[in-house]
Amino acid sequence: MSSHTLIAPLCLSLAITACGGGGGGGNNTASTADSDSANITPAPVQQPVAVDEPQPPAETTADLQVPEGFDLRQDYTLTVTSYIGDSGGNEFLTICRNYSENADGFDVDLKSCLLKTYVAGNSDYTVQARNTDDTLLVSIWKLDTPDQTQHRVWQRQYRDEEFIEIR
């Protein structure tokens with residue numbers, strides 16, 4: 001064998017021993033690292049959680065599964081019936097979504113009204129409300145006495161047919 005083939009493995013084994021073998025000597029970083037590792041606690045073992053098996057992705061709309069009671073409608077129909085009688089067109093009805101209560105009654109954003117109309121006798125109106133309109137402000141304005149406006153907050157009941165009766 002040639003001396004070159006023996007020298008290469010010998011140099012390699014010396015390099016490995018010099019880098020990590022043996023202990024002691026030098027600085028205390030090795031002993032500090034050993035004491036720090038003794039204070040490390042193992043990560044807690046997580047318990048498995050029961051999860052419903054995921055459904056395969058729908059390939060057609062017929063494959064879609066919708067939970068009971070889920071409704072994709074963005075609006076609902078609101079039927080408004082007034083039994084005011086013959087007011088001679090002296091009253092005005094508004095149904096608005098944006099309002100706030102104050103010490104004097106209500107501040108109403110008239111741009112947010114779903115219905116603004118003169119009331120002439122008994123009348124029926126149909127209004128489309130947003131699905132997020134859970135409360136609306138119903139107001140009867142007497143044109144000759146606007147300071148005596150009657151306000152009522154209507155609350156959605158989540159029925160098949162929503163309605164407001166005004167008497």
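As a starting point, this report considers the structure included with it. (Residues numbered from 1 in each chain as written. Predicted model: local features only at pLDDT ≥ 70, side-chain atom pairs only at ≥ 80, totals over all residues. Heavy atoms only, no water.)

### Digging into the overall build of the chain
The condition that has to hold: Secondary structure elements follow DSSP: runs of H or I of four or more residues count as helices, runs of E of two or more count as strands, with numbering from the N terminus. Each residue gets one of three labels from its accessible area relative to the maximum for its type: buried under 20%, exposed over 50%, partly exposed in between, using a 1.4 Å probe on protein chains only. In this description, contact between two residues means that some pair of their heavy atoms is separated by no more than 4.5 Å.
Looking only at helices and strands, the chain features two helices and nine strands. Mapped from its N terminus to its C terminus, the chain presents α and β elements in the order α-α-β-β-β-β-β-β-β-β-β. Taken over 167 residues, the chain has a buried fraction of 21%. Taking all contacts inside the chain whose residues are at least 6 apart in sequence as the whole, residues at least 24 apart take part in 63%.

### Topic: the packing of aromatic side chains
The description of two aromatic rings rests on the distance between their centres and on the angle between their planes. Convention followed: Pairing of aromatic rings covers Phe, Tyr and the six-membered ring of Trp, with a centre-to-centre limit of 6.5 Å; geometry is then stacked below 30 degrees between planes, edge-to-face above 60, and tilted otherwise.
For the structure on display, the rule yields two aromatic pairs. When the ring of Phe92 is compared with that of Tyr118, the centres are 5.1 Å apart and the planes differ by 80°; the resulting orientation is edge-to-face. Taken together, the positions of Phe92 in strand 2 (residues 91-96) and Tyr118 in strand 5 (residues 113-119) put the pair 26 residues apart, joining distant regions of the chain. Centre to centre, the rings of Tyr99 and Phe106 are 5.9 Å apart; their planes meet at 70°, and the pair counts as edge-to-face. With a relative accessible area of 25%, Tyr99 lands in the partly exposed category.

### Focus on the side chain of Thr94
Test applied: Polar contact is defined as a pair of N or O atoms within 3.5 Å, subject to the rule that within protein one atom must be able to donate a hydrogen and the other to accept it, and that residues adjacent in sequence are counted only when both atoms are side-chain atoms.
On the secondary structure map, Thr94 appears in strand 2. Side-chain polar atoms of Thr94 contact the side chain of Trp141, separated by 2.8 Å. In this structure, Thr94 is in contact with Cys113, Leu115, Lys116, Leu137, Val138, Ser139 and Trp141, ignoring residues within four places of it in sequence.

### Describing the state of the cysteines
For the record, the criterion: Criterion for a disulfide: a pair of cysteine sulfur atoms at a distance within 2.5 Å.
Per the stated rule, a full pass over the model turns up one disulfide. Note that Cys96 is cross-linked by a disulfide to Cys113, the S-S spacing being 1.9 Å. In this structure, the disulfide formed by Cys96 and Cys113 twists by about 60° around the S-S bond and is classed as right-handed. Remark: Cys113 occurs in strand 5 and Cys96 occurs in strand 2; sequence separation between them is 17 residues. On the accessibility criterion, Cys96 (1% relative accessible area) is buried. Overall, Cys113 belongs to the buried group, its relative accessible area being 16%.

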